[in-house]
Amino acid sequence: DDDDVGAESGRYAVGEVEVMIAERGSRRKGLAREALTMMMDYCSRELSTSRFVAKIKDHNGASIALFEGLGFELVKRVPVFGEVVYELRRGAREDAGGDRAGEEW
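Residues numbered from 1 in each chain as written. Predicted model: local features only at pLDDT ≥ 70, side-chain atom pairs only at ≥ 80, totals over all residues. Heavy atoms only, no water.

Visitor: Just checking my understanding: could you explain unusual backbone geometry for this structure?
Guide: Negative phi values dominate among residues other than glycine, just as trans dominates among peptide bonds. Residues other than glycine seldom take positive phi values, yet Arg-28 does so here, at roughly 60 degrees. Relative to the elements of secondary structure, Arg-28 occurs in the loop between β1 (14-16) and α1 (31-47). Located in the positive-phi region is Ser-48, a residue other than glycine, with phi close to 60 degrees. Positionally, Ser-48 belongs in the loop between α1 and β2 (51-57). (Helix = DSSP H or I, 4+ residues; strand = E, 2+ residues; numbered from the N terminus.)

Visitor: Looking at this model, I keep getting lost on the packing of aromatic side chains. Mind explaining?
Guide: Centre distance and the angle of the planes are the two values used to describe a pair of aromatic rings. The tally for this structure, following the rule as stated, stands at one aromatic pair. Where Phe-67 meets Phe-72, the ring centres are 5.0 Å apart and the plane angle is 90 degrees; that geometry is what we call edge-to-face. For Phe-67, a relative accessible area of 2% corresponds to the buried category. You can call Phe-72 buried: its relative accessible area is 3%. (Phe/Tyr/Trp six-rings, centres within 6.5 Å; stacked < 30°, edge-to-face > 60°. Buried < 20%, exposed > 50% of the residue type's maximum accessible area, 1.4 Å probe, protein only.)

Visitor: I tried to follow the sheet that holds strand β3 (residues 73-78) on my own but got confused; where do I start?
Guide: Paired through their backbone hydrogen bonds, the strands of a sheet run either parallel or antiparallel. Spatial ordering of the open sheet is given by β1-β2-β4-β3, a layout of four strands whose pairing is mixed. Strands at the two margins of the open sheet, each flanked by one partner only, are β1 and β3. In this sheet, neighbouring strand axes are inclined to one another by 25 degrees on average, regardless of whether the strands run parallel or antiparallel. Set on the sheet, helix α2 (residues 61-69) makes contact with β2 and β4 (83-89); between it and β2 the angle comes to about 165 degrees. (Pairing = 2+ DSSP bridges. Axes fitted to C-alpha atoms, helices over the stretch in contact; angles between N-to-C directions. Contact = heavy atoms within 4.5 Å.)

Visitor: Just checking my understanding: could you explain the nonpolar core for this structure?
Guide: When a protein is soluble and globular, its nonpolar side chains tend to lie buried together. Membership of the largest hydrophobic core comes to 15 residues, with the highest contact counts inside it found for Val-17, Met-40, Ala-54, Ile-56, Phe-67, Phe-72 and Tyr-86. Sorting the residues of this core by element identifies α1, β2, α2 and β4 as the ones contributing at least two each. Excluding its chain neighbours within four sequence positions, the residues that come into contact with Ala-54 are Val-17, Phe-67, Phe-72, Val-84, Val-85 and Tyr-86. Ala-13, Val-14, Val-78 and Val-85 belong to the second-largest nonpolar core, a separate cluster that totals five residues. (Core = buried A, V, L, I, M, F, W, Y, C linked by side-chain atoms within 4.5 Å.)

Visitor: Looking at this structure, how should I read the pairing of β2?
Guide: Walk down a regular strand and you will see the side chains alternate between the two sheet faces. Among the seven residues of β2, five are classified as buried, and the element is accordingly described as predominantly covered. The pairing of β1 with β2 spans three bridges and is parallel. Bridge pairing in β2 places Glu-16 opposite Val-53. In this fold, the crossover linking β1 to β2 by way of α1 has right-handed handedness. As paired elements, β2 and β4 share seven bridges and run antiparallel to each other. Residue pairing for β4: Ile-56 is matched across the bridge by Val-84. (Right-handed = clockwise from strand over helix to strand, strands pointing away.)

In structure tokens, the structure reads:
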């Protein structure tokens, strides 16, 4: 269950992330990716966040592609809300790629 923070250690071990670029002319320029990367880097470094969760409308292909491109994996579909839940565990990424310092997500 994505709300089971008790299974993680630390107050900020799990963080829910979302991003919206409202201005149509500013979309598809990498701003959302940059914003998410900066937020996750800050949370990992300063708050020891190790798991990030994103809830996305199931019809939002661009957002799903963005999160998948950052390494998030589908963990749950919630048809009643028309959304999908994606998750990224920082430790799993480090295990696969070594030290994350200076690397993009």
